[in-house]
Amino acid sequence: MKKFIEEFKTFALRGNVMDMAIGVLIGGAFSGIITSLTDNFIQPIIDVIMGRAAYTLEDVALFGSNFISAVINFIITALILFCLLKAMNKLLSVGRKEEAPAAPTTKTCPYCKSEISIDATRCPHCTSELS
Ligand SMILES: [Zn+2]
């Protein structure tokens, strides 16, 4: 179970998963604009053309403000997601710094392939001189 949580953490924190989730959320917010566009512009125009409804100036103003609030909704959502992503990236880069591997302290002897100290000038296993 612990391994499962660990694997899920690596999966969820991977950058592309975050990007994908944000893409889905932005897509949802954007579809709000599209819905508002059809509800407040295209549908009334069709209604008027078909003679199904007559709109007063007040209605038109309401449609306009509905659409503007949908656009504002989208902008706020995008802004919040952007801030969230920035904070997330910062968090991830901090995590990465902690996990950065230490400078290597060993090397492999070219003659006997044993692991030896990085500044050895002679291999302790095969006694070969190293340049
Ligand atoms: Zn050696």
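Residues numbered from 1 in each chain as written. Predicted model: local features only at pLDDT ≥ 70, side-chain atom pairs only at ≥ 80, totals over all residues. Heavy atoms only, no water.

Looking at an unreviewed UniProt entry, one finds the chain named Large-conductance mechanosensitive channel and attributed to Frisingicoccus caecimuris. Its UniProt record gives the chain a comment under Function (unreviewed entry), which states: "Channel that opens in response to stretch forces in the membrane lipid bilayer. May participate in the regulation of osmotic pressure changes within the cell." Regarding the chain, the relevant UniProt record gives this comment under Sequence similarities (unreviewed entry): "Belongs to the MscL family." (UniProt positions renumbered as here; feature names shortened; annotations may be inferred.)

I keep staring at the overall build of the chain and nothing clicks. Help me out?
For the chain, the count of helices and strands is three helices and two strands. Along the chain, helices and strands appear, N-terminal first, in the series α-α-α-β-β. Taking 14 Å as the expected radius of gyration for a compact globule of 131 residues, we find that the chain reaches 31 Å, considerably beyond that expectation. When the backbone C-alpha atoms are referred to their principal axes, the chain occupies close to 100 × 30 × 25 Å. In the chain, once contacts between residues fewer than 6 apart in sequence are set aside, the share between residues at least 24 apart is 33%. (Helix = DSSP H or I, 4+ residues; strand = E, 2+ residues; numbered from the N terminus. Rg over C-alpha atoms; globule rule 2.2 N^0.38 Å. Contact = heavy atoms within 4.5 Å.)

Would you take a moment to explain the coordination of the zinc ion for this structure?
A metal bound by six donors in octahedral fashion has ideal angles of 90 or 180 degrees, whereas one bound by four tetrahedral donors has an ideal angle of 109.5 degrees. Within the protein, the atoms that donate to the zinc ion are Cys109 (SG), Cys112 (SG), Cys123 (SG) and Cys126 (SG), at distances of 2.2 to 2.3 Å. Note that the zinc ion binds four donor atoms; their angles at the metal cover 107 to 111°, and the shape is tetrahedral. All donors of the zinc ion come from a single chain, and their spacing in sequence reads C-x2-C-x10-C-x2-C. Here Cys126 lies in the segment after strand E2 (115-117) and Cys112 lies in the loop between strand E1 (106-108) and E2, a separation of 14 residues in the sequence. Looking at Cys112, the relative accessible area reads 29%, which means it is partly exposed. (Donors = N, O, S within 2.8 Å, 3.2 Å for Na, K, Ca; no water. Tetrahedral: all angles 85-135°; square planar, octahedral: opposite > 155°, others 65-115°. Buried < 20%, exposed > 50% of the residue type's maximum accessible area, 1.4 Å probe, protein only.)

What exactly am I supposed to notice about the nonpolar core here?
Generally speaking, soluble globular proteins have nonpolar side chains that are buried together. By size, the foremost hydrophobic cluster in this structure holds five residues: Cys109, Ile116, Ala120, Cys123 and Leu130. Dropping the residues within four chain positions of it, Cys123 is found in contact with Cys109, Cys112, Ile116, Ser128 and Leu130. (Core = buried A, V, L, I, M, F, W, Y, C linked by side-chain atoms within 4.5 Å.)

What's the story with the pattern of salt bridges in this structure? I'm lost.
Note that side chains of opposite charge can pair when their charged atoms are close. Enumeration over the complete set of coordinates arrives at three salt bridges. One salt bridge in this structure joins Asp47 and Arg52, with 3.3 Å as the shortest N-O distance. Judged by relative accessible area, Asp47 falls into the buried class, the value being 12%. (Salt bridge = Lys/Arg side-chain N within 4 Å of Asp/Glu carboxyl O.)

Looking at this structure, how should I read the UniProt feature "transmembrane region" (unreviewed entry) in the chain?
If you check UniProt for "transmembrane region" (unreviewed entry), the listed places come out as residues 21-42 and 62-85 in our numbering. The span residues 21-42 is 100% helix and 0% strand, and its two end C-alpha atoms sit 30 Å from each other. Helix makes up 100% of residues 62-85 and strand makes up 0%, while its end C-alpha atoms are separated by 34 Å.

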